[in-house]
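Chain residues, written in single-letter form:
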Amino acid sequence: MNMSRTTSTLRIQEIVAGYTPGHPVLRGVNLVAKPGHITVVLGPNGAGKSTLLRSIAGFLRPSSGSIVLGETEISALPPHRHIERGIALLPQGRSTFPELTVTENIELGGWTMRSDRKRLRRAVEAMFERYSHLRELRNKPTGALSGGQQRAVEIARLIVSDPTVLLIDEPSVGLSPIVASQVYRELQALKAEGRAILLVDQDVRAAINVADYVYVLNSGRNDIEGDSSAFHGDLGAMVRRWLGV
Amino acid sequence: MLSLFFLPSTRESASGRIYRRAPWLLALSVLALYGVLGRQLFLLSTLGTVFLYIALTQAWNILGGYGGYLNFGMVTFFGVGAYTSAVLFQYWEISPFLTAPFAGITSAALALLIGIPTLRIRGAYFALITLIITFAVQILVLDMPFTQGALGIYLQPLSLTPLGVERLFYYLFLACAALVTLLVYAIEHSNFGWALVAIREDEDAAEIIGIRTVEVKWIANCLAGFVAGVVGGLYAQRILYIEPTGTFAFDISLNVVLMAVIGGAGTWQGPLIGAPLVLLVADALRVTFTSEVNRAIFSVIVILIALFIPGGIMGLWTRWGRGRAEKAAAGGTQGARADEQSVQ
Amino acid sequence: MLEHLAAIAADGILLGLIYAIAGLGLSLVLGIMGIVNVAHSAFIMLGSFFAFELFERLGIDPIISFFLALPVFFVLGTVVYRMLLTRLERVAQAQGLVAMFGLMVLIENLGTIVWTTDTRVITASYTNSSVVVGGLFIAKVKLIAGILALALTAIFWAFLRFTLVGRAIRAMSQNRDAAMSAGIDVRRLSTMMFGLGIACAGAAGVALAMIFPFSPNTQVQWLAWAFLVVILGGLGNVANTLVAGLIVGLLQTLCAAFLPFDYVYLVLYVLLAAVLVLRREGLTLAVRRAI
Ligand SMILES: Nc1ncnc2c1ncn2[C@@H]1O[C@H](COP(=O)(O)OP(=O)(O)O)[C@@H](O)[C@H]1O
Ligand SMILES: [Mg+2]
């Protein structure tokens, strides 16, 4: 499974991006996400974290700055061409295809492998090995599953094509604490496989616990950053600063 | 918060208002004067048609232009109005001049009937229903006993000279156009108009801020129905003979949409520009082309405007004006701009 | 009496199958892509004249035209999508609706220029013969057209359900962003889906032309029928569209048999209004997507 994985670093330099011309949400953001690391992006609501991930995934085209994976500039790539390069996005909120079954959902995660049906089927089967609790649900429409099960389907769909860079937006929102901790454990497993993980989260404490490196974004700009250890003691102060009290 | 009070007032001074309105009032006076002085039947009659269409297009504009809910079957309201007056004349010999308001009410009632199921839901259902209902109403009118089917209904000619008739309808339709334009102008500057625009821009948000969107749409639609019905009733007296295919001609619906879109939907000036322009171009084209070619040309124009010039001619005009204003502002003081930002 | 009823029912079912494909393209394009194709029935009209021309000029049977219409109208649909709709995605909904309305008027009038407003019919070798099925006399054309329509519906159903591309198209309508991040080229699949919708309209036009007289300027009546089927069956669901088509077909033949003149239109619109009121929620949700 690991053979095709090339390990490359994602580098973002001074990107400016937004939804309306002339009013950028991101106003010069820099960061690096290394393979085998969980890189966490924190920041108050509306800081531009989701916008950052959407820009990297190609949904928004930066008006300036660069997004480089390994040696290649990818900022002009349309969203559907990112998965070929090994970049996969788990968008904020629910993102399953609710009327399709679990198998069909996961299968579509391997859309880029569709010319080789055998390989695709093997990859989907591997997902059922990995997340065995999904196996008995495989023919159910995903919309009928619980929140935690749906998240599992989303993660399976995300990694079925074996991407090297995972962009993950608030994975634990709306989940029970137990399921949430399973999600974080899964992220660590994915990191151990050598993938670069860029994690955006509102759950500051949980994110810092799994983080290798932390960036803080504020009003579309880099604020502070550092190894996760540097953040452990100081959380309360940081959150207070976001809230402006 | 305090800075709000230092914003320049958006209300113009009285002299500014007069200055802005003067051209329109002047045009209206010239047209009113022409009604007395003009002796050319053809010109009077053509202008009468322009006024008729201005009234219809303004009526369409209320829900279609401001509210974003398009009526592709305006002729239904018009035709039902015409038939109401014609039938009332046929059986009770009441002059359409007296029954025109009643024709308006009948069409408004129909508008409500159409609006109740279709305007409660969002999206294009209203547009689709208005498009296909014309067909159904036309068939019903053809088949109902009291409308005399394809035979149609004859009305009593007025005992006036031809010039007198043309003058009469010239003034009637001019009055209709002016009154409806005034109504639309008032709506544009009222809470009701503002609610319609909110519905067009973001219906969710409009609901959240407490606009009763469904009722607003219903009222706008009934207003359109009423105006079209009155105009239809008067039209019946003008052409003296009403039959289903001509009275419910799809061309009338089409023209209204063309005039609004080309002139600029959602502005009170749009129909004033669109109606004469479309009729003028259509008349010019009619010399060389058949009406099918004519419509094909117009439909291409509409597609192009819809895709590339949202806002039609009025949209172009305001953008041109704003471009000039911005250029002027860029040359002006920096201080004004800083103020502007601090307000945000 | 009972036999009479059975004959009416058979007639209604066959007509219903054809109404189902008339509505299917509209339903899929609206439900999956959120595009209100006001010009749908204009493409149906083109389909009828496609069959007419092939029949009159080359003597090609409408059954063959039915299948020929699929690729031809698919290509036509993709061209229209490329020219108009990719641009249309970027303008407001009302703007898009106006453009589609313009397209409808354009096609109708081009049709009138080419074929005039005369009413046409296609008289194939089997047009006026009937077959006896279980003691019932059934018009052969209706049987043929109905079977063709059923086959097409089945193909669409299977395509969307069992093929990866079909599932990707459904996925695209359920979560556009997630579909794009999975690598699905939404633009390309949308073009394809619109092409399929128009292909369906073209084929429906052929099937309708086998049974009904047609002319360019009466095409809007098919929009009414197609729209009723769509509203009754909900958006973007092949199986429900089929059922809705059958209901409309049965209703029409029953009305025609028991009510005088064109009351069927009155029934149609009352039904339309009732369904719009009753199905309000389901319809609103689907239409909020995209344009
Ligand atoms: N689709 C959008 N269109 C316009 N503005 C948006 C959109 N999504 C987000 N924004 C704006 O961009 C800013 C950053 O949003 P977002 O990236 O979602 O923040 P975060 O994920 O950090 O909470 C906010 O001010 C938000 O209002
Ligand atoms: Mg976010």
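Above: the structure in question.
Residues numbered from 1 in each chain as written. Chains lettered and ligands numbered in written order. Predicted model: local features only at pLDDT ≥ 70, side-chain atom pairs only at ≥ 80, totals over all residues. Heavy atoms only, no water.

Colleague: Give me the layout of surface pockets: which residues, what numbers.
Modeller: When its volume is computed, the largest pocket comes out at roughly 1300 Å³. Gly68(B), Arg200(B), Glu201(B), Ala92(C) and Ala94(C) are the residues nearest the centre of the largest pocket, which is lined by 47 residues in total. Elements with a minimum of two residues in the lining of the largest pocket: α2 (41–66), α5 (125–143), α7 (191–201), α8 (203–208), α11 (250–263) and α14 (312–331) of chain B together with α4 (93–115) of chain C. Grouping the constituent residues of the lining of the largest pocket by class yields 23 nonpolar, 14 polar and 10 charged. (1 Å grid on protein atoms, 1.4 Å probe; cavity = no way out; pocket = protein on both sides within 12 Å on 5 of 7 lines; lining within 4 Å. Points joined across faces, edges and corners; volume = space filled by probe spheres on them. Helix = DSSP H or I, 4+ residues; strand = E, 2+ residues; numbered from the N terminus. Nonpolar A, V, L, I, M, F, W, Y, C, P; charged D, E, K, R; others polar.)

Colleague: Lay out the pairing of strand β2 (residues 136–139) of chain C with the relevant residues and their values.
Modeller: All names here are of chain C. Judged by which residues are buried, β2 turns out to be one-sided: Leu136 and Ile138 face inward and are buried, whereas Phe137 and Ala139, on the alternate face, are not. One ladder, built from four bridges, connects strand β1 (residues 130–133) with β2; its direction is antiparallel. Following the sheet pairing, Val131 is matched in β2 by Ile138. Taking the residues between adjacent antiparallel strands as the criterion, β1 and β2 are bridged by two residues, where Gly134 takes a positive phi near 55°. (Buried < 20%, exposed > 50% of the residue type's maximum accessible area, 1.4 Å probe, protein only. Pairing = 2+ DSSP bridges.)

Colleague: Report on the pattern of salt bridges, specifying residues and quantitative values.
Modeller: Scanning the entire structure with this criterion turns up 26 salt bridges over all chains. For Asp251(B), the salt bridge goes to Arg295(B), with nearest N and O atoms at 2.6 Å. With Asp251(B) in helix α11 and Arg295(B) in helix α13 (residues 291–308), the pair connects residues that are 44 residues apart, well separated along the chain. For Arg295(B), a relative accessible area of 18% gives the class buried. Note that Glu292(B) is salt-bridged to Arg295(B), the shortest N-O span being 3.8 Å. Highlighted residues: Glu292(B) and Arg295(B), both in helix α13, separated by three residues, approximately one helical turn. This pair shows no difference in class: Glu292(B) is buried, exactly as Arg295(B) is. Connected through salt bridges with shared partners, the residues Arg130(A), Asp162(A), Glu186(A), Glu193(A) and Arg195(A) form a single ionic network. (Salt bridge = Lys/Arg side-chain N within 4 Å of Asp/Glu carboxyl O.)

Colleague: I'd love a proper account of the pairing of strand β10 (residues 221–227) of chain A, names of residues and values included.
Modeller: All names here are of chain A. Pairing geometry for strand β9 (residues 213–218) and β10, over five bridges, is antiparallel. Its bridge partner lying in β10, Leu217 is registered against Asn222. Following β9, the chain reverses through two residues before pairing antiparallel with β10; Ser219 in that reversal takes a positive phi of roughly 50°.

Colleague: Please provide a residue-by-residue account of the environment of Leu63(B), values included.
Modeller: Residues and elements named next belong to chain B. Considering the arrangement of structural elements, one finds Leu63 in helix α2. Look at Leu63 and you get buried, because its relative accessible area is 4%. Remark: the alpha-carbon pair of Leu63 and Ile219, spanning 156 residues in sequence, is separated by 8.9 Å. Residues contacting Leu63, with those up to four places away along its chain left out, are Gly68, Tyr69, Leu119, Phe126, Leu196, Lys217, Ala220 and Asn221. (Contact = heavy atoms within 4.5 Å.)

Colleague: Account for the interface of chain A and chain C, with residues named and values stated.
Modeller: Taken together, the contacts link 22 residues of chain A with 18 residues of chain C. Buried area between chain A and chain C, summed over both chains or domains, comes out near 1900 Å², and the portion from carbon and sulfur atoms is 63%. When the area that chain A buries against chain C is broken down by residue, the three leading residues are His80(A), Phe97(A) and Trp111(A), summing to 34%. The interface formed by chain A and chain C includes three salt bridges. For Arg167(C), the salt bridge goes to Glu107(A), with nearest N and O atoms at 2.7 Å. If you list the elements that add at least two residues to the side of chain A that touches chain C, you get α2 (102–109) and α3 (117–130) of chain A. Per-element tally for the side of chain A that touches chain C: the top contributor is α2(A), with four residues. For the side of chain A that touches chain C, the class distribution of residues is 10 nonpolar, four polar and eight charged. (Buried area = accessible area lost by both parts, 1.4 Å probe.)

Colleague: Provide a residue-level description of a nonpolar patch on the surface, including the pertinent values.
Modeller: Residue and element names in this part refer to chain C. A cluster of nonpolar side chains, Met1, Leu2, Leu5, Leu254, Phe258 and Leu259, forms an exposed patch at the surface whose accessible area comes to about 610 Å². Inspection of the secondary structure assignment puts Leu254 in helix α10 (residues 238–258). When its relative accessible area of 36% is taken as the criterion, Leu254 is described as partly exposed. (Patch = residues over 30% accessible without salt bridge, like charges linked within 9 Å, V, L, I, M, F, W, Y side chains within 5 Å. Areas by Shrake-Rupley, 256 points an atom, 1.4 Å probe, with all protein chains shown as cover.)

Colleague: How would you explain empty space enclosed by the protein if you had to name every residue and give the values?
Modeller: Within this structure, the stated rule accounts for five cavities of 30 Å³ or more. A volume near 80 Å³ is recorded for the largest cavity. Taken together, 13 residues line the largest cavity, and the ones lying closest to its centre are Leu89(A), Arg157(A), Leu158(A), Ser181(C) and Ala182(C). Every element with two or more residues in the lining of the largest cavity is listed here: β6 (87–90) and α4 (147–159) of chain A together with α7 (176–181) of chain C. Here the lining of the largest cavity is composed, by residue class, of eight nonpolar, three polar and two charged.

Colleague: Report on the environment of Asp177(C), specifying residues and quantitative values.
Modeller: Along the polypeptide, Asp177(C) turns up in helix α7. Put simply, Asp177(C) and Arg57(C) are 120 residues apart on the chain and 48 Å apart in space, counted from C-alpha to C-alpha. Beyond its immediate sequence surroundings of up to four residues, Asp177(C) is in contact with Arg54(A) and Phe59(A).

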